[in-house]
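Below are the chains, spelled out letter by letter.
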Amino acid sequence: MVRAKKLTKRFGSVVALDSVDLEIPGGLTVVVGPNGGGKSTFMKIATGAYRPSGGCIEVLGKDPWRDEGVKKRLGASFDPPALPPLRTGREWLEYVSEARGGNGRDVTEAAETFGIEGFVDKRVRDYSAGMRKRVSLAQAFVGDPELVFLDEPLANLDLEGMKNVVGVIQRKHEEGLNLVVISHIWRPFLEMADYAVFIAAGRVQASGDPDEVLPLIEGAFPL
Ligand SMILES: Nc1ncnc2c1ncn2[C@@H]1O[C@H](COP(=O)(O)OP(=O)(O)OP(=O)(O)O)[C@@H](O)[C@H]1O
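Residues numbered from 1 in each chain as written. Predicted model: local features only at pLDDT ≥ 70, side-chain atom pairs only at ≥ 80, totals over all residues. Heavy atoms only, no water.

Taken together, 13 residues form the shell around the ligand, and within it Gly 36, Lys 39, Ser 40, Thr 41 and His 184 come nearest. Between the ligand and Gly 37, the relevant distance is 3.1 Å, taken from an oxygen atom to a main-chain nitrogen or oxygen of the residue. At 2.9 Å, a side-chain N or O of His 184 approaches an oxygen atom of the ligand. Looking at the shell around the ligand, the elements with two or more residues in it are strand E2 (14–24) and helix H1 (39–46). The element best represented in the shell around the ligand is H1, accounting for 3 residues. Its residues assigned to classes, the shell around the ligand shows 5 nonpolar, 7 polar and 1 charged. (Near = heavy atom within 4 Å. Polar contact = N/O pair within 3.5 Å; in protein donor to acceptor, adjacent residues only side chain to side chain. Helix = DSSP H or I, 4+ residues; strand = E, 2+ residues; numbered from the N terminus. Nonpolar A, V, L, I, M, F, W, Y, C, P; charged D, E, K, R; others polar.)

This next bit is on the pairing of strand E1 (residues 2–11). Looking at chain direction, E1 and E2 are connected through 7 bridges and run antiparallel. Following the sheet pairing, Phe 11 is matched in E2 by Val 14. Taking the residues between adjacent antiparallel strands as the criterion, E1 and E2 are bridged by 2 residues, where Gly 12 takes a positive phi near 60 degrees. (Pairing = 2+ DSSP bridges.)

Let's shift gears to the environment of Thr 113. With respect to the helices and strands, Thr 113 occurs in helix H4 (residues 106–113). When the C-alpha atoms of Thr 113 and Ala 138 are compared, they prove to be 7.8 Å apart, with 25 residues separating the residues in sequence. Every residue in contact with Thr 113, bar those within four places of it in the chain, is listed here: Asn 164, Val 168 and Arg 171. Among the polar contacts listed, one links the side chain of Thr 113 to the backbone oxygen of Glu 109, at a separation of 2.8 Å. (Contact = heavy atoms within 4.5 Å.)

For the rest of this paragraph, the subject is the packing of helix H3 (residues 89–99) against H4. At their nearest, the axes of H3 and H4 sit 9 Å apart, and the two run at 125 degrees to each other. Classed by the angle they form, the pair H3 and H4 counts as oblique. Between H3 and H4 lies a crossing of right-handed hand. For the pair formed by H3 and H4, the contact residues are Arg 90, Leu 93, Glu 94 and Ser 97 on the first element and Asp 106, Val 107 and Thr 108 on the second. Across the contact of H3 with H4, the residue classes tally to 2 nonpolar, 2 polar and 3 charged. (Axes fitted to C-alpha atoms, helices over the stretch in contact; angles between N-to-C directions. Parallel < 35°, antiparallel > 145°, perpendicular 65-115°, else oblique. Left-handed = near helix turned anticlockwise from the far one by under 90°.)

Moving on to the packing of aromatic side chains. For any two aromatic rings, the description comes down to two numbers: the centre-to-centre distance and the angle of the planes. For the coordinates displayed, the defined rule picks out 4 aromatic pairs. Between Phe 11 and Tyr 50 the ring centres are 5.6 Å apart and the planes differ by 70 degrees, which places this aromatic pair in the edge-to-face class. Of this pair, Phe 11 sits in strand E1 while Tyr 50 sits in the loop between H1 and strand E4 (54–59), and the two are 39 residues apart along the sequence. (Phe/Tyr/Trp six-rings, centres within 6.5 Å; stacked < 30°, edge-to-face > 60°.)

Attention shifts here to the nonpolar core. Core analysis: the biggest nonpolar cluster contains 43 residues, and Ile 116 and Leu 150 have the highest contact counts within it. With 5 residues, the top contributor of residues to this core is helix H5 (residues 129–141). Val 20, Leu 147, Phe 149 and Ile 199 belong to the second largest nonpolar core, which has 26 residues in total. (Core = buried A, V, L, I, M, F, W, Y, C linked by side-chain atoms within 4.5 Å. Buried < 20%, exposed > 50% of the residue type's maximum accessible area, 1.4 Å probe, protein only.)

A cis amide bond links Asp 79 with the next residue in sequence, Pro 80, at an omega value of -5 degrees. Within the secondary structure layout, Pro 80 lies in the loop between strand E5 (74–77) and H3. Despite not being glycine, Ser 19 has its phi angle at roughly 55 degrees, a positive value. Along the chain, Ser 19 turns up in strand E2. Even without a glycine there, the phi angle at Ala 201 is positive, about 55 degrees. Examined against the element boundaries, Ala 201 turns out to sit in the loop between strand E8 (195–200) and strand E9 (203–208). Using a relative accessible area of 62% as the deciding quantity, one classes Ala 201 as exposed.

By secondary structure assignment, the location of Glu 152 is in the loop between strand E6 (147–151) and helix H6 (159–174). Within the buried set, Glu 152 has no salt-bridge partner at all; the shortest N-O distance to an opposite charge, 5.4 Å, is to Lys 39. (Lys, Arg positive; Asp, Glu negative; His and termini not counted. Salt bridge = Lys/Arg side-chain N within 4 Å of Asp/Glu carboxyl O.)

Listed below in structure tokens is the structure:
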């Protein structure tokens, strides 16, 4: 699904990703690591939002920075959510669905899935943080993407919302969708994951079977 070789990203003197070699297979992958480790930067490069400073990355066999076609096959929910403040949630979701080659009709289903029907016709600027997160999650799934990236899908959600989103991810995974989930709340996702990646200090510290990566994660974040 994703193949990175010597992938590097610098912001001035900060090296956010330092010569990362990584292959992410199909299925559900969980990406874990400390704040500032490079996870979101990796996702932004993988979805074509950032250009690498060095090395290369292929997503679904294509370069996401250069290939506009592959971007249409990817769904993404960034954290914090990137939504246009003056649009309604519905207008934005229809736009994203259509940009991915969908017909916008799946927006109603996505609205139900993420419990946003009550406010989807209001402007984004009037949303709470949790409402923004829900619309941003719906955005990742409309337009029938082949691979979905979610950055902190549980951030700002209430308990009911968290349970719902974990359930949606489980169901999408079972239906055969490919997902890459970055989450500090890793336990519910690691249980269902096919692959795990631990990123810290701009490097992949471990990747592979979740059962093998888990001890490393628990060692790094003792509770
Ligand atoms: N647009 C940017 N401009 C400058 N520095 C950046 C930018 N984006 C990220 N960085 C820096 O790159 C490093 C990696 O950040 P990144 O957001 O990828 O980490 P992360 O693992 O996602 O962290 P968190 O768990 O806190 O979300 C950090 O040192 C951060 O300050």
